[in-house]
Amino acid sequence: MHGKAATRRRRLRVAIYAPHFAEYSYRLAAALARHCDVRLVLNRKDANQQWELTNIAVTDPFETRIRDLSLRRAGVIGIPSSFIDVISFRPDVIHCHEVPEIYTSSLIQLLRPLGIPLVLTVHDAIPHSEGGSGTSPREDGWRGRMRAAASIVTTHGESCIADFRRASPDFAGEVVSSMHGVLMVPPAGAPVIEPEPARILFFGRMWAYKGLDVFVDAIDMLTKRGVTHEAIVAGRGPEMTRLGARMEAMPTVKMINAYISPEDTGRLFQSATVVALPYKDASQSGVLASAYGNSRPVVASATGGIPDVVTDGVNGLLVPPGDAIALADALECVLTSNSLAAALAEGARQTAAGLLNWDQIAERLLSSYHKVVGSPVH
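Calculation rules
- Throughout, a residue's number is its position along its own chain's written sequence, starting from 1.
- With the structure being a predicted model, the display of local features is reserved for residues of pLDDT at least 70 and the display and counting of side-chain atom pairs for 80 or more, all residues being used for whole-chain, interface and lining totals.
- Only hydrogens and water are set aside; all other atoms, that is, all heavy atoms of the structure, feed into the side-chain values.
- Secondary structure is summarised from DSSP: a helix means a run of H or I of at least four residues, a strand means a run of E of at least two, and numbering begins at the N terminus for each.
- Radius of gyration here uses only the C-alpha atoms, and the compact-globule reference equals 2.2 Å multiplied by the residue count raised to the power 0.38.
- Per-residue and other accessible areas follow the Shrake-Rupley method at a 1.4 Å probe size, with only the shown protein chains counted as cover for residues.
- Only four residue types enter the tally: Lys and Arg on the positive side, Asp and Glu on the negative side; His and the chain ends are excluded.
- Just so you know, the charge point we use is NZ for Lys, CZ for Arg, CG for Asp and CD for Glu.
- All axes here are fitted lines through C-alpha atoms, helices being fitted over the stretch that makes contact, and every angle between N-to-C directions spans 0 to 180 degrees.
- Comment on the angle field: the value is read as roughly parallel under 35 degrees, roughly antiparallel over 145, roughly perpendicular from 65 to 115, and oblique elsewhere.
- Crossings are sorted by hand: turned counterclockwise from the far helix by less than a right angle, the near helix makes the crossing left-handed, and turned clockwise it makes it right-handed.
- The contact rule is simple, with two residues in contact once any of their heavy atoms fall within 4.5 Å.
- By the convention adopted, Pro, Cys, Tyr, Trp, Phe, Met, Ile, Leu, Val and Ala count as nonpolar, Lys, Arg, Asp and Glu as charged, and the other residues, Gly among them, as polar.
- Using a 1 Å grid laid over the protein atoms alone, points where a 1.4 Å probe fits but cannot get out form a cavity; open sets with protein on both sides within 12 Å along at least 5 of 7 lines form a pocket; any residue with an atom within 4 Å of a point counts as lining.
- Grid points are joined across faces, edges and corners, and a volume is the space filled by probe spheres set on the points.
- Classification of ring pairs uses Phe, Tyr and Trp, with its six-membered ring standing for Trp, and accepts pairs whose centres are within 6.5 Å; under 30 degrees between planes counts as stacked, over 60 as edge-to-face, and the remaining range as tilted.
- Burial status follows relative accessibility: with a 1.4 Å probe on protein chains alone, a residue under 20% of its type maximum counts as buried, one over 50% as exposed, and anything between as partly exposed.
- Buried residues of nine kinds, namely Ala, Val, Leu, Ile, Met, Phe, Trp, Tyr and Cys, make up a nonpolar core once their side-chain atoms join them within 4.5 Å.
- We treat two strands as partners when DSSP finds at least two bridges between them.
- The directions considered for the arc run from the helix axis to the C-beta atoms.

Asks: Help me out: how do you make sense of the overall build of the chain in this one?
Replies: If you tally the helices and strands in the chain, you get 14 helices and 13 strands. Relative to the 2.2 N^0.38 estimate, which gives 21 Å for 378 residues, the radius of gyration of the chain is 21 Å and therefore close to what a compact globule would have. For the C-alpha atoms alone, the extent of the chain along its principal axes is close to 70 × 50 × 40 Å. Taken as a whole, the chain presents about 16,200 Å² of accessible surface, with 53% of it coming from carbon and sulfur. Averaging the coordinates of the 38 positive side-chain charges in the chain and doing the same for the 38 negative ones gives two points 8 Å apart.

Structure representation (C-alpha cells):
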C-alpha cells in the first residue's frame, strides 16, 4: 500500500486564463479535467462569438467563469476580477495564451510576485508579415514581459519552436510542442452534412498574410481551364474590402462578408470538398484545425508550422507560398479526383483523431505541468 501511495500522481489545480481563443481553451480544459482540477476564465465577448461551448462534450466537470474584458463600462473591473478568479482557485499552475494586448499582460504582471508557475502558449512566435497578430513597440513590450514571466512556453510543433528560439534567444525556460487541437467538431449525434461537389472554402479573418489574393488568382485560373468548382470566401477583414469588387465579378465566387454564426460555420466546413489555406506565412492555423475537425482535407502553403500537421498526399496537398499556379494545380487535382478527395478526407479524419486529439494534447501538457511544479510524473 505504501508503494502505491508513493507512486500516485497528485491531482493538480490548473487555472486557464483565456480572454481570446475561447473554443480552444474550453476544449483544452475539458480534456485536462480528466486529470486535474480546472478553472477556466473567459472573456464574455470572445466566448459568445466562437463555437457553441455548450455543444462540446465534457466528461469530467470543470469550472468556467466569464468576465467582461473591455476598456469601457464594466470592463474596467475585468482584470482585477480575473486576478481574484485565478488566485482564489489556489492553482498549482497558471496557463495563459500570449496575445499582444493589455488584459493578459496586466494579469501576468499582477500574478508574477506570487511565484505560481506560468505556462504560456505562444501562437505566433514571430508576428505575421502583413496583418493579424500585429507588432508595435507597445505590443513587443507586452510580448517580452509575458515571455519573461513564463516557466514553460508551449507552441505548435517543431517549426514553431524554432521560430520562438529565434525570436526569444534569451528565454531561460523550457519550450515544448503542444499541437493546436481540432476545432468546430460537429456535436455528437448531429446530422451528417455531405460535401457539395467541387466546393472550395476559404475561411477566416481576411488579413493579407492569409493569401486571399493568391487564392483569387488560382480561382481565375480554374475558371479559364474549365474546371468545375464553387469558391466560398467567408469572413471579414481588410482583404475583403480590397479584393471585393474583383470577387463580385467572378461567377464562381460567393462572398460572405459578415459575422457567421457557429451553426453556419459548421455547415460551411462540412459542405466543403476542400479547404484552401494559401498562407504567405504561418505558425499554425485555427482554420486548419477546423477543417480536420470536420474531416475535410486542405490545400495549404508549405510555410511555418503547417507542414508539421499537413502531410502532402496523406491529409492534404502542400504548395509553395505565393504560387497561384501551384495552388490551382493542387485544387484541380482534388476537385477532379473523387478517390483522391476521399483518401485525403480520411487522412484528415485520422489526423484529428491522433495528432490533433485534445485528450492526447492534455496528457502531454500534464507532464509539463508536473515538471514545473516539481511533483512526480509516473
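Once you've had a look at it, read on.
Asks: Can you help me understand the packing of helix H5 (residues 102-111) against helix H6 (residues 137-149) in this one?
Replies: Two packed helices can be described by the angle between their axes and the distance between those axes. Across the interface, H5 lies against H6 with an axial gap of 10 Å and an inter-helix angle of 40°. Put simply, H5 runs oblique to H6. For H5 against H6, the interelement crossing comes out left-handed. Facing H5, whose interface residues are Ile102, Thr104, Ser105, Ile108 and Gln109, H6 presents Trp142, Arg145, Met146 and Ala149. Per-class residue counts for the contact of H5 with H6 are 5 nonpolar, 3 polar and 1 charged.

Asks: Looking at this structure, I do not really get empty space enclosed by the protein. What am I missing?
Replies: Empty space among the atoms can be located by rolling a probe the size of a water molecule over them. Applying the stated criterion to the full structure yields 1 cavity of 30 Å³ or more. Estimates place the volume of the largest cavity at around 40 Å³. As for the largest cavity, its lining consists of Met179, His180, Gln284, Ser285, Leu288, Ala289, Val309 and Leu356.

Asks: Just to check I follow, could you spell out the packing of helix H2 (residues 22-32) against helix H14 (residues 358-373) for this structure?
Replies: Two elements in contact, H2 and H14, have axes whose closest approach is 8 Å; the angle formed by their N-to-C orientations is 75°. Relative to H14, the element H2 lies roughly perpendicular. On H14, the residues touching Tyr24, Arg27, Leu28, Ala31 and Leu32 of H2 are Trp358, Asp359, Ala362, Leu365 and Tyr369. Among the residues forming the contact of H2 with H14, the class breakdown is 8 nonpolar, no polar and 2 charged.

Asks: Explanation requested: the packing of aromatic side chains in the structure shown.
Replies: The description of an aromatic ring pair rests on the distance of the ring centres and on the angle between the ring planes. Taken as a whole and assessed by the stated rule, the structure comprises 7 aromatic pairs. With a centroid separation of 5.1 Å and 45° between ring planes, the pair formed by Phe202 and Phe215 is classed as tilted. Remark: Phe215 occurs in helix H8 (residues 212-225) and Phe202 occurs in strand S8 (residues 199-203); sequence separation between them is 13 residues. By relative accessible area, which is 0% here, Phe215 ends up buried. When the centroid spacing of 6.0 Å and the interplanar angle of 70° are considered together, the rings of Tyr209 and Tyr279 count as edge-to-face. Linking Tyr209 in the loop between S8 and H8 with Tyr279 in the loop between strand S11 (274-277) and helix H11 (286-293), this pair joins segments that are 70 residues apart in sequence. By the burial criterion, Tyr209 is buried, and Tyr279 matches it. Put simply, the rings of Phe21, Tyr24 and Trp358 pair up and form one aromatic cluster.

Asks: Please clarify how the nonpolar core should be interpreted in this entry.
Replies: One broad trend across soluble globular proteins is that nonpolar side chains are buried collectively. By size, the foremost hydrophobic cluster in this structure holds 61 residues, and its most contacted members are Leu201, Phe203, Val275, Tyr292, Val298 and Tyr369. When residues no more than four places from it in sequence are discounted, the contact partners of Tyr292 are Val182, Pro297, Val298, Val309, Val310, Asn315, Gly316, Ala348, Thr351, Ala352 and Leu356. Grouped together as the second largest cluster of nonpolar side chains are 34 residues, Leu212, Met240, Ala328 and Ala330 included.

Asks: Help me understand the sheet that holds strand S4 (residues 93-98), please; the structure alone is not making it clear to me.
Replies: To summarise the sheet geometry, strands pair through backbone hydrogen bonds and adopt either a parallel or an antiparallel arrangement. One open sheet accounts for 7 strands, arranged S3-S2-S1-S4-S5-S6-S7; its pairing is parallel. Single-partner strands in this sheet number two, and they are strand S3 (63-67) and strand S7 (174-177). Adjacent strand axes in the sheet meet at a mean angle of 20°, parallel and antiparallel pairs treated alike. Sheet strands in contact with H5 are strand S1 (13-18), S4 and strand S5 (118-122), and its direction is about 155° off that of S4.

Asks: Explain the sheet that holds strand S10 (residues 253-256) here, please?
Replies: Judged by pairing direction, the sheet is parallel, and its 6 strands sit side by side in the order S10-S9-S8-S11-S12-S13 without closing on themselves. The strands lining the two open edges of the sheet, one partner per strand, are S10 and strand S13 (316-319). Across this sheet, the average inter-strand angle for adjacent strands is 20°, counted without regard to direction. Sheet topology note: the S11/strand S12 (residues 298-301) ladder contains 3 bridges and is parallel. If you follow Val275 over to S12, its bridge partner there is Val298. Strand contacts of helix H9 (residues 238-248): strand S9 (230-234) and S10, with the helix running at about 145° to S10, the strand carrying the most contacts.

Asks: Before we go on, may I ask you to explain helix H7 (residues 158-167) in this structure?
Replies: Residue pairs three or four apart in sequence face the same way in an α-helix, which turns once every 3.6 residues. Along H7, the residues classified as buried are Cys160, Ile161, Asp163 and Phe164. Seen along its axis, H7 keeps its buried residues to an arc of 160°; they face one direction. Exposed residues on H7 whose side chains face more than 90 degrees from its buried face are Glu158 and Arg166. Elements in contact with the buried residues of H7: S5, H6, strand S6 (152-155) and S7.

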